[in-house]
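Letter by letter, the chains look like this.
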Amino acid sequence: MKITAITAWAQWQPFVDGIYTCSGGRSAAGFDSTLLRVQTDAGLIGWGEYAPLGSFYDPAFVGGAREGLRLLAPLLLGADPQSTGALVRRMDLHLNGHPYAKSALDMACHDIAAQAAGLPLAEALGGRFGETVPLYRSVAQAAPAAMADKARAYVAAGYRRIQIKVGLDVGEDIERMHQVMDVLPAGTVVYADANAAWRPAQAREFLRATRDLAYTFEQPCAGFDENANVRAVCDRPLVLDESIDSLPAFLRAQQARLMDGITIKIARVGGITRTRQLRDLAVECGLGVTIEDTGGAQIDTAAMAHLSLGVPESHRTHTCDFHHWVTVANAQVPLHCAGGQMDAPRLPGLGVTVDPAAFGAPLFDLHAR
Ligand SMILES: [Mg+2]
């Protein structure tokens, strides 16, 4: 099988809940997504999606992703999309770093490879544990009372896992934790995510003042040494997210017993090939595993769902229904959400049906000669 054409489109995806704010006043009004179609001489079509959370969240941005795709796409024309490992190597050879720019291409090739095998992506990547994955909802940074109202609304909508964004002024964040957790029904699973914004002393102060609350602490600081400093005094589960940007970074953190769980963002590590590697290693290491991404709608959420269902229930934490975070759609897909849980399609590949006519003029439309 050969790749005969690669086409990319932009899609602006406004947030249902308006401006999304995390620590330090960083905010975004939506996802600036890039949609990618890979066509083959076998008639199979694969889809990929990459959407950053603004330009502040990861060392990644939409302009870099689109220029990266313009550079990489010609190198994949004529290649076999089923050779996903070889294609990752080829992309790495020609573009040093920039894993986020490679993610949508890798995703589209996995979509095709799974379709060619006649398998849903979950099964093509090792199988499916159970039928559904729990969903969490982030409560973006705002005044404590407003965050409590938002959390209450998410619980009313069915979410049973709430992530509270902290990482700003420690005193206010302590108040946020108390006000939000006061309105949550018993049994709600709570994460406090500082998005790498604190110095160790701030994280330690937060830990001391919230000792009576039951929550998992996520990514208190940015650097390895800073998080090690916090880990030494953290008597509750600690999850790393932003730090897990590659297999070497994961191995270093695991060797230091730095975390109880990891959050893998598909684009941050370069796509499905590397997400699967990290996922399966983390499970073998006995860690909790969350698989999600930096943004997107139906196409990306389908990938998150397939990969998440490949984590054994004993190790699986949660994921996001990003297609419900935004006001636009980019595919028809049988993703069912109920009771704070989401399933994954049973159709071959990602299981998405896409009508590109809705996306307007492509960013580029490249065909093999
Ligand atoms: Mg996080």
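Asker: Honestly, the overall build of the protein in this entry has me stumped. Any pointers?
Answerer: Regarding its fold elements, the protein presents twelve helices and 16 strands. Taken over C-alpha atoms, the radius of gyration comes to 20 Å for the protein, in line with the 21 Å a tight globule of 369 residues would show. Principal-axis analysis of the C-alpha atoms places the extent of the protein at approximately 65 × 40 × 35 Å. Looking at the 369 residues of the protein, the share that counts as buried comes to 51%. Sequence separation of at least 24 residues holds for 72% of the intrachain contacts in the protein that already meet a minimum separation of 6.

Asker: Mind showing me how you'd approach the environment of Pro 99 here?
Answerer: Positionally, Pro 99 belongs in helix H3 (residues 99-117). The exposure class of Pro 99 is buried, given the 25 C-beta atoms found within 10 Å. Remark: the alpha-carbon pair of Pro 99 and Gln 332, spanning 233 residues in sequence, is separated by 27 Å. Among all residues touching Pro 99, those that are not within four sequence positions of it are Arg 268, Val 269 and Gly 270.

Asker: For this particular structure, what's the right way to read the sheet that holds strand S1 (residues 3-14)?
Answerer: Across the sheet, four strands lie side by side as S5-S4-S1-S16; this open sheet has antiparallel pairing. The sheet is open, and its two borders are formed by strand S5 (45-50) and strand S16 (364-367), each paired with just one other strand. On average, adjacent strands in this sheet sit at an angle of 15° to one another, irrespective of strand direction. Relative to S5, strand S4 (residues 30-40) is paired through six bridges, and the arrangement is antiparallel. Following the sheet pairing, Leu 36 is matched in S5 by Gly 48. Across the face of the sheet, H3 comes into contact with S4 and S5 while running at roughly 150° to S5.

Asker: Whenever I open this one, the packing of helix H5 (residues 144-156) against helix H6 (residues 170-183) confuses me. Can you help?
Answerer: A packed helix pair is summarised by two numbers, namely the angle formed by the two axes and the spacing between the axes. Two numbers describe how H5 lies on H6: the axes approach to 8 Å, and their chain directions differ by 30°. When you trace H5 past H6, the crossing you get is right-handed. Of the residues in H6, those in contact with Pro 144, Ala 145, Met 147, Ala 148, Ala 151 and Arg 152 of H5 are Glu 172, Glu 175, Arg 176, Gln 179, Val 180, Asp 182 and Val 183. For the contact of H5 with H6, a count of residues per class yields seven nonpolar, one polar and five charged.

Asker: Even after reading the chapter, I still don't get the domain arrangement of the protein, so can you show me in this structure?
Answerer: When the parts come together, some accessible area is lost, and that loss is often what is quoted as the size of the interface. Its domain assignment divides the protein into domain 1 (3-119 + 356-367) and domain 2 (124-342). Between the C-alpha centres of domain 1 and domain 2 the distance comes to 23 Å. Listed by contribution, the elements that provide at least two residues to the side of domain 1 that touches domain 2 are S1, strand S2 (20-22), S4, S5, helix H2 (84-94) and H3. Tallying contributions element by element places H3 first for the side of domain 1 that touches domain 2, with ten residues. For the side of domain 1 that touches domain 2, the residue count by class is 21 nonpolar, twelve polar and four charged.

Asker: Can you help me understand the nonpolar core in this one?
Answerer: In globular proteins that are soluble, nonpolar side chains generally tend to be buried together. Counting residues in each nonpolar core, the largest one holds 107 residues, and the members touching the most others are Leu 36, Leu 69, Leu 105, Ala 108, Ile 164 and Ile 262. Counting residues domain by domain, this core receives three or more from each of domain 1 (3-119 + 356-367) and domain 2 (124-342). Not counting residues up to four positions away in its chain, the partners in contact with Ala 108 are Leu 36, Arg 37, Val 38, Gly 46, Trp 47 and Gly 48.

Asker: Would you mind going over the sheet that holds strand S14 (residues 337-338) with me for this structure?
Answerer: Backbone hydrogen bonds are what pair the strands of a sheet, in a parallel or an antiparallel way. Pairing in this open sheet of three strands is antiparallel, and the strands run S6-S15-S14 from one edge to the other. Edge positions in the sheet fall to strand S6 (133-134) and S14, since each of these pairs with one other strand and no more. One ladder, built from two bridges, connects S6 with strand S15 (residues 341-342); its direction is antiparallel. Residue pairing for S15: Val 133 is matched across the bridge by Met 342.

Asker: What is the right way to look at the packing of helix H1 (residues 62-76) against H2 in this model?
Answerer: At a minimum axis separation of 10 Å, H1 and H2 run at an interaxial angle of 130°. In terms of orientation, H1 and H2 fall into the oblique class. In this structure, H1 crosses over H2, and the sense of that crossing is right-handed. In contact with Leu 72, Leu 75 and Leu 76 of H1, H2 contributes Leu 87, Arg 90, Met 91 and His 94. A per-class count over the contact of H1 with H2 returns five nonpolar, one polar and one charged.

Reading the values: rules and limits
- Residues numbered from 1 in each chain as written.
- Predicted model: local features only at pLDDT ≥ 70, side-chain atom pairs only at ≥ 80, totals over all residues.
- Helix = DSSP H or I, 4+ residues; strand = E, 2+ residues; numbered from the N terminus.
- Rg over C-alpha atoms; globule rule 2.2 N^0.38 Å.
- Buried ≥ 20, exposed ≤ 12 C-beta atoms within 10 Å, placed from the backbone.
- Contact = placed C-beta atoms within 7 Å.
- Pairing = 2+ DSSP bridges.
- Axes fitted to C-alpha atoms, helices over the stretch in contact; angles between N-to-C directions.
- Left-handed = near helix turned anticlockwise from the far one by under 90°.
- Nonpolar A, V, L, I, M, F, W, Y, C, P; charged D, E, K, R; others polar.
- Domains from an automatic or database assignment.
- Core = buried A, V, L, I, M, F, W, Y, C linked by C-beta atoms within 7 Å.
- Parallel < 35°, antiparallel > 145°, perpendicular 65-115°, else oblique.

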